[in-house]
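# Breakdown of the fold
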2 protein chains.
Amino acid sequence: MSQTLEQFQAYQTRLEQYDQAIALLYWDLQTAAPKDSIEAKLSAVGYFSTESFRLSTADEYGSLLKKLSAPEEYDQLSPAMQLTIRRNLRDFERFKRIPEAFYTEYVTEKARSEKAWEAAKEASDFSVFAPHLDKVISMTKEYVHYMEPDQDVYEFLVGLFEDGMDTETIDRIFAELKEGLLPLLAKIEAAPKPALSALQQTFDPDAQKKVQELLLSYIGFSFDCGAVAESMHPFTTTLCPGDVRVTNHYYADNPISSIFSAIHEGGHAIFEQNVDKDFWHTAAAQINMMGLHESQSRFYENILGRNPHFWTPIYEKMSALLPEFKTVPFDTFIKAINDVHPSMIRTEADEVTYGLHIILRYEIEKAIFRDNVKTDDLPALWNQKMQELLGITPANDAEGILQDMHWSDGSFGYFPSYLLGSIYDGMYLEAIQKDLGDLDTVLENGRILDITHWLKEKIHRFGSMYNSKEVIQRVCGKEISAQPLLRYFEEKYSKVYEF
Amino acid sequence: MSQTLEQFQAYQTRLEQYDQAIALLYWDLQTAAPKDSIEAKLSAVGYFSTESFRLSTADEYGSLLKKLSAPEEYDQLSPAMQLTIRRNLRDFERFKRIPEAFYTEYVTEKARSEKAWEAAKEASDFSVFAPHLDKVISMTKEYVHYMEPDQDVYEFLVGLFEDGMDTETIDRIFAELKEGLLPLLAKIEAAPKPALSALQQTFDPDAQKKVQELLLSYIGFSFDCGAVAESMHPFTTTLCPGDVRVTNHYYADNPISSIFSAIHEGGHAIFEQNVDKDFWHTAAAQINMMGLHESQSRFYENILGRNPHFWTPIYEKMSALLPEFKTVPFDTFIKAINDVHPSMIRTEADEVTYGLHIILRYEIEKAIFRDNVKTDDLPALWNQKMQELLGITPANDAEGILQDMHWSDGSFGYFPSYLLGSIYDGMYLEAIQKDLGDLDTVLENGRILDITHWLKEKIHRFGSMYNSKEVIQRVCGKEISAQPLLRYFEEKYSKVYEF
């Protein structure tokens, strides 16, 4: 190993310690921290974040990155280390171009905006949030201009959350999907609705935790390199090498929520847990493609978890842990987890209408960044698109434009990744069935770990070595398309709703 | 505020961030961390510990401490800040006198010795541990010689764990206690034993957790500035201002273990939680008197928790959470929690014989540091003293000299603090009854929070502003003595065992 590489790795190790402390403090804030300690913990997060930012923009670091980019060093590096040098040098240079005063103000404004969004949502009043949103939009434009002056802002943002993706591709596949989803939804809406009253019971939250453990183990989550906890909203986080955690939230009147959150977050976690150990301490282990990430969680949650055959081998085991399920007929449970109907809140939407929620946000984000629609006009635009895509109109801002926090913290370009994930899933499904045979049969036989193994070999172990388009090409051998997802929907729901 | 004080406080804040990260990493390692992450977490602990040590021995820090020690600065400081300057300057100077190479080797040897102790205990073979113990003893002597060359080593060690305490006082009160305990134990041994078979059931660990919550709330633990988790061995830790946590371990066949661990750790935590907020960020909030600390946990556990009247107001509530208790007669439960009999393992000993275990260790520690008894002769000495004090002889090293880890990590001088805590408790009990009236009546009436309030006002809120002798003088208005504890034992157990 060259001396420069050695110095670089020592430097990276220091950075990793700060990142680990920050991740653990956040984890603790969201899972266990008592209220009187929040200030002290946020102060520590602030301290370590500043130290980390200082280290990763220091001239010493830049100089190491540049030395390792020179062919005589670069060519000796492993592919994962080459990726690390490329990505970190790119970020180093981008961040160096941002004036420090602007950056501080941007971070502060985003925090202010988040608070304003909370208050606005609470009061269901967009006007409380509007001036902050307006400022975050203009500052986000400025932020991107500093980093990549020559690039279209929205194009940059989309690529930030899904490396290698572009709006041309998204336009094409979202259009395909919209075209297919609208008539499908109309057919589903016309069909008779199932009776789901058997689920109106109290399901012990402690028992729901045990069901979660069963499900996580069943799909291949490893407790040797993972753990679980309770938080307000479910999430997945990697604290350090060998430690990928998921959280969940348990509602006594809605066990389906924690069941599918467990499977969804489990999917995220399995991806992270399965990254090749050789990639630890490199950029390949930091997965910066949210669509690719979401494709794993949504594959487990929807393609596998909402398939009736997934449940055949374990419905009885689940009922043993949570006896209320003994009074819920298997068929009712399957109907409930595949209940499709237009609704206001994205996070509670079924897998079919979910895509329409995302298309709505994608179209509005383009309107903001490309058509410069005025912030004050956004609620009307939102409601118009809800009517157009889902046939319903929000009664107020809280269930309309204020429902998501993403725009308050400047995460424009993030939303498309959810739907990209599902579109990739349609394609994986085709490829898996080619390799492993009919999915229903594999699931029916309790061979779900064969699927996890397939995903590991084809996708997980590479971490972020390949971008999503490359992954699709390698795994499916074809261009990205929404048709497989549409075919999956069509086949599945024509059976469920008998049309 | 002077500029120097401002600089000092900024410096202290940085140190606090490292300490917070280390405390949180340890907490996580003991409560949640999956096995594959242990290496990464220990590496982070090592990094932040080194950073913290470097900061707290840096010349810049020493210079600030010295400037603030000069009368023109010092006299302006609050008493808590004066304590901080005194204590931190003392530690700064002590640590500066230790050669770095020696320090590193000492830390390493203690870690090796801990591992050797684990292996020796597993194999029940003292000879595996002996060479390491020998080295830790000689290095501990050397360590103390560096820091305080003129002081008797064991005297220094005792003071390290109980500021202001000395072996002359301990010799006196331990002798008093030994003299009183041996005949008392003989009387108890001669009395008929109660039947406790009603406790031979399975007690759901999840329900034990709920009982723990009930008990913690009942005695005054605040969940606004505290939290709980599960770990292998129960412990209490302060993560940052406003965050004091306890852990517990739940055995399905022994609910009494988790009940009394909850009350014991609750006592430690309540002390930490009740320290005056004005002392946060000063040395007064870092309680470096283990005897004083133990006096709080043991007061809750033994003086309160093992009193029958403690249970009158809540036995039914506990039985509602853990229904197996409905089949355990109240009287049987009270007999079980006050069951006294000589046994091998200190951590499982009752409150009466516990003191004899500590006296044994104290006498052996003096033999090591003052009489230079050979390490190889220690097991025989141990067994001889067990026979003399408890009338039993260990069958092997694992249940004899190898049972505790304290000596493996160099914590000589720590053991006396457990018994000091109980001796202080006897004295508090006298003082409390003067102020609040008969303890049985206070407990019977469910007025336990009056006791917590009393302890807070008299002891907790001052943190470590006063050392233990000063606390006893302030609270009880007299010299430290073992007589009150002996009187408490005599009165209580003559009732329990009817002699």
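Residues numbered from 1 in each chain as written. Chains lettered and ligands numbered in written order. Predicted model: local features only at pLDDT ≥ 70, side-chain atom pairs only at ≥ 80, totals over all residues. Heavy atoms only, no water.

## Notes on the overall build of chain A
- Helix and strand content of chain A: 22 helices and 3 strands.
- Overall, the C-alpha framework of chain A stretches about 65 × 50 × 50 Å when taken along its three principal axes.
- Across the 499 residues that make up chain A, the buried fraction comes to 55%.
- Partitioning the intrachain contacts of chain A with sequence separation of at least 6 by distance along the chain shows that 73% fall at a separation of at least 24.
- Within the structure as shown, chain A displays about 20,500 Å² of accessible surface, and the carbon and sulfur contribution to it stands at 51%. (Helix = DSSP H or I, 4+ residues; strand = E, 2+ residues; numbered from the N terminus. Buried < 20%, exposed > 50% of the residue type's maximum accessible area, 1.4 Å probe, protein only. Contact = heavy atoms within 4.5 Å. Areas by Shrake-Rupley, 256 points an atom, 1.4 Å probe, with all protein chains shown as cover.)

## Thoughts on unusual backbone geometry
Residues and elements named next belong to chain B.
- The phi dihedral of Ser124 is positive, around 55 degrees, even though this residue is not glycine.
- Judged by relative accessible area, which is 24%, Ser124 ranks as partly exposed.
- With a phi angle near 50 degrees, Glu498 is a residue other than glycine that sits in the positive phi range.
- In this fold, Glu498 is placed in the segment after helix H22 (483–496).
- Note on Glu498: relative accessible area 69%, which makes it exposed.

## Comments concerning the relation of the copies chain A and chain B
- Superposing chain A onto chain B takes a rotation of 180 degrees combined with a translation of 0.0 Å along the rotation axis, leaving an RMSD of 0.0 Å. Accordingly, the operation relating the two chain copies is best matched by a two-fold axis. When C-alpha positions in chain A are compared against the rotation axis, the closest is assigned to Ala21 of chain A, at 3.0 Å.
- Both copies contact each other with a shared surface, as 100% of the interface residues of chain A are interface residues in chain B too. (Least-squares fit on C-alpha atoms with pLDDT ≥ 70 in both.)

## Thoughts on the domain arrangement of chain A
Residue and element names in this part refer to chain A.
- Domains assigned within chain A are domain 1 (3–161) and domain 2 (162–499).
- Here domain 1 and domain 2 have C-alpha centroids that lie 27 Å from each other.
- Summed over both partners, the interface of domain 1 with domain 2 comes to about 4,100 Å²; 63% of that surface belongs to carbon and sulfur atoms.
- Contact with domain 2 buries surface across domain 1, with Trp27, Tyr154 and Phe161 losing the most and accounting together for 22% of the total.
- Put simply, domain 1 and domain 2 have 2 salt bridges between them.
- The shortest N-O distance in the salt bridge between Arg370 and Asp152 comes to 2.8 Å.
- On the surface where domain 1 and domain 2 come into contact, there are 23 residue pairs in polar contact (both at pLDDT 80 or more). (Domains from an automatic or database assignment. Buried area = accessible area lost by both parts, 1.4 Å probe. Salt bridge = Lys/Arg side-chain N within 4 Å of Asp/Glu carboxyl O. Polar contact = N/O pair within 3.5 Å; in protein donor to acceptor, adjacent residues only side chain to side chain.)

## Re the packing of helix H18 (residues 416–436) of chain A against helix H20 (residues 448–458) of chain A
All names here are of chain A.
- For the pair H18 and H20, interaxial distance at closest approach is 11 Å and the crossing angle is 115 degrees. Judged by the inter-axis angle, H18 sits roughly perpendicular to H20. You can see that H18 and H20 cross each other, and the crossing is right-handed. Between H18, through Tyr428, Ala431, Ile432, Asp435 and Leu436, and H20, the contact on the second element is made entirely by Asp450, Ile451, Trp454, Leu455 and Lys458. (Axes fitted to C-alpha atoms, helices over the stretch in contact; angles between N-to-C directions. Parallel < 35°, antiparallel > 145°, perpendicular 65-115°, else oblique. Left-handed = near helix turned anticlockwise from the far one by under 90°.)

## Some details on the packing of aromatic side chains
- Within the structure shown, the criterion is met by 82 aromatic pairs over all chains.
- Ring geometry for Tyr11 of chain A versus Tyr61 of chain A: centroids 4.9 Å apart, planes at 20 degrees, classification stacked. Taken together, the residues Tyr11 of chain A in helix H1 (residues 3–31) and Tyr61 of chain A in helix H3 (residues 59–69) connect sequence positions 50 residues apart.
- The exposure class assigned to Tyr11 of chain A is buried, which follows from its relative accessible area of 4%.
- Here the aromatic rings of Phe8 of chain B and Tyr61 of chain B are separated by 5.9 Å at their centres, their planes lie at 10 degrees, and the arrangement is stacked. In this pair, Phe8 of chain B is assigned in helix H1 (residues 3–31) and Tyr61 of chain B in helix H3 (residues 59–69), connecting sequence segments 53 residues apart.
- Residue Phe8 of chain B is classed as buried on the basis of its relative accessible area, which comes to 0%.
- Of the aromatic side chains, those joined through ring pairs into one cluster are Tyr154, Phe161, Phe174, Tyr354, Tyr362, Phe369, Trp382, Trp407, Phe412, Tyr414, Phe415 and Tyr418 of chain A. (Phe/Tyr/Trp six-rings, centres within 6.5 Å; stacked < 30°, edge-to-face > 60°.)

## A closer look at the sheet that holds strand S2 (residues 236–240) of chain A
All names here are of chain A.
- If you trace the 3 strands from one edge of the open sheet to the other, you get S1-S3-S2, paired in mixed fashion. Each edge of the sheet is formed by a strand with only one pairing partner; in this case those strands are strand S1 (226–230) and S2. With strand direction ignored, the average angle separating the axes of adjacent strands in the sheet is 30 degrees.
- Pairing analysis gives 5 bridges linking S1 to strand S3 (residues 243–248), with the strands arranged parallel. (Pairing = 2+ DSSP bridges.)

## Observations regarding the pairing of strand S2 (residues 236–240) of chain B
All names here are of chain B.
- In this structure, S2 lies alongside strand S3 (residues 243–248), joined through 4 bridges in antiparallel fashion. By the bridge assignment for S3, Thr238 is matched with Val244.
- Between S2 and S3, which follow one another and run antiparallel, lie 2 residues, and Gly242 among them has a positive phi close to 85 degrees.

## Points about the interface of chain A and chain B
- In this complex, chain A contributes 34 residues to the contact, which on the side of chain B involves 34 residues.
- The tally of links from chain A across to chain B stands at 8 salt bridges.
- Here Lys41 of chain B ties to Asp243 of chain A by a salt bridge, and the two come within 2.7 Å at their closest N and O atoms.
- One can count 18 residue pairs in polar contact (both at pLDDT 80 or more) joining chain A with chain B.
- Of the residues that constitute the side of chain A that touches chain B, the class distribution is 17 nonpolar, 6 polar and 11 charged. (Nonpolar A, V, L, I, M, F, W, Y, C, P; charged D, E, K, R; others polar.)

## Notes on the sheet that holds S3 of chain B
All names here are of chain B.
- Read across the sheet, 3 strands follow the order S1-S3-S2 without closing on themselves; strand pairing throughout is mixed. Either end of the sheet is taken by a strand with one partner, and the two such strands are strand S1 (226–230) and S2. Put simply, the sheet's adjacent strands are angled 30 degrees from each other on average, direction ignored.
- Across the sheet, H1 touches S1, S2 and S3, and the angle it forms with S2 is around 140 degrees.

## Brief notes about the pattern of salt bridges
- Throughout the structure, instances matching the rule amount to 74 salt bridges over all chains.
- A salt bridge links Lys469 of chain B to Asp166 of chain B, with the shortest nitrogen-to-oxygen separation between them at 2.5 Å. Residue Lys469 of chain B is located in helix H21 (residues 468–476), and its partner Asp166 of chain B is located in the loop between helix H8 (153–161) and helix H9 (167–190); the two are separated by 303 residues in the primary sequence.
- One continuous salt-bridge network, built from bridges that share partners, spans Asp28 and Lys41 of chain A together with Asp243 and Arg245 of chain B.

## What about H20 of chain A?
- Looking at H20 of chain A, one finds that the buried residues are Ile448, Ile451, Thr452, Trp454 and Leu455 of chain A. An end-on view of H20 of chain A places all buried positions within 160 degrees of arc, on one side of the element. (Arc of directions from axis to C-beta.)

## A closer look at the nonpolar core
- Of all hydrophobic cores here, the largest spans 134 residues; its most connected members are Phe174, Ile259, Phe310, Trp311, Phe325 and Phe333 of chain B.
- Sorting elements by how many residues they give to this core places helix H16 (residues 351–369) of chain B first, with 11 residues.
- Counting residues domain by domain, this core receives three or more from each of domain 1 (3–161) and domain 2 (165–499) of chain B.
- Among residues more than four places away in sequence, those in contact with Phe174 of chain B are Ile358, Ile359, Tyr362, Pro416, Leu419, Leu420 and Ile423 of chain B.
- By size, the runner-up hydrophobic cluster in this structure holds 132 residues, among which are Ala130, Phe156, Leu181 and Trp454 of chain A. (Core = buried A, V, L, I, M, F, W, Y, C linked by side-chain atoms within 4.5 Å.)

## Structural notes on the side chain of His406 of chain A
All names here are of chain A.
- You can see His406 is positioned in the loop between helix H17 (378–390) and H18.
- When its relative accessible area of 12% is taken as the criterion, His406 is described as buried.
- Of note is the side chain of His406, whose polar atom sits 3.0 Å from the side chain of Tyr418.

## Here's the deal with the environment of Pro241 of chain A
- Tracing the sequence through the fold places Pro241 of chain A in the loop between S2 and S3.
- Under the relative-accessibility criterion, Pro241 of chain A is labelled buried at 19%.
- If sequence neighbours within four positions are ignored, Pro241 of chain A has contacts with Glu16, Trp280 and His281 of chain A together with Asp36, Ser37 and Ala40 of chain B.

## Remarks on the side chain of Thr353 of chain B
- By secondary structure assignment, the location of Thr353 of chain B is in helix H16.
- Other than its neighbours up to four places away in sequence, Thr353 of chain B contacts Leu185, Val340, His341, Pro342 and Leu390 of chain B.

## A closer look at the environment of Ala395 of chain A
- Tracing the chain through its elements places Ala395 of chain A in the loop between H17 and H18.
- Placed 12 residues apart in sequence, Ala395 of chain A and Asn383 of chain A show a C-alpha to C-alpha distance of 9.3 Å.

## As for the environment of Thr237 of chain A
All names here are of chain A.
- Looking at the element boundaries, Thr237 is found in strand S2.
- Residue Thr237 is classed as buried on the basis of its relative accessible area, which comes to 18%.
- A C-alpha to C-alpha distance of 17 Å links Thr237 and Ser258, two positions 21 residues apart in sequence.
- Leave out the neighbours within four places in its chain, and Thr237 touches Trp27, Asp243, Val244 and Arg245.

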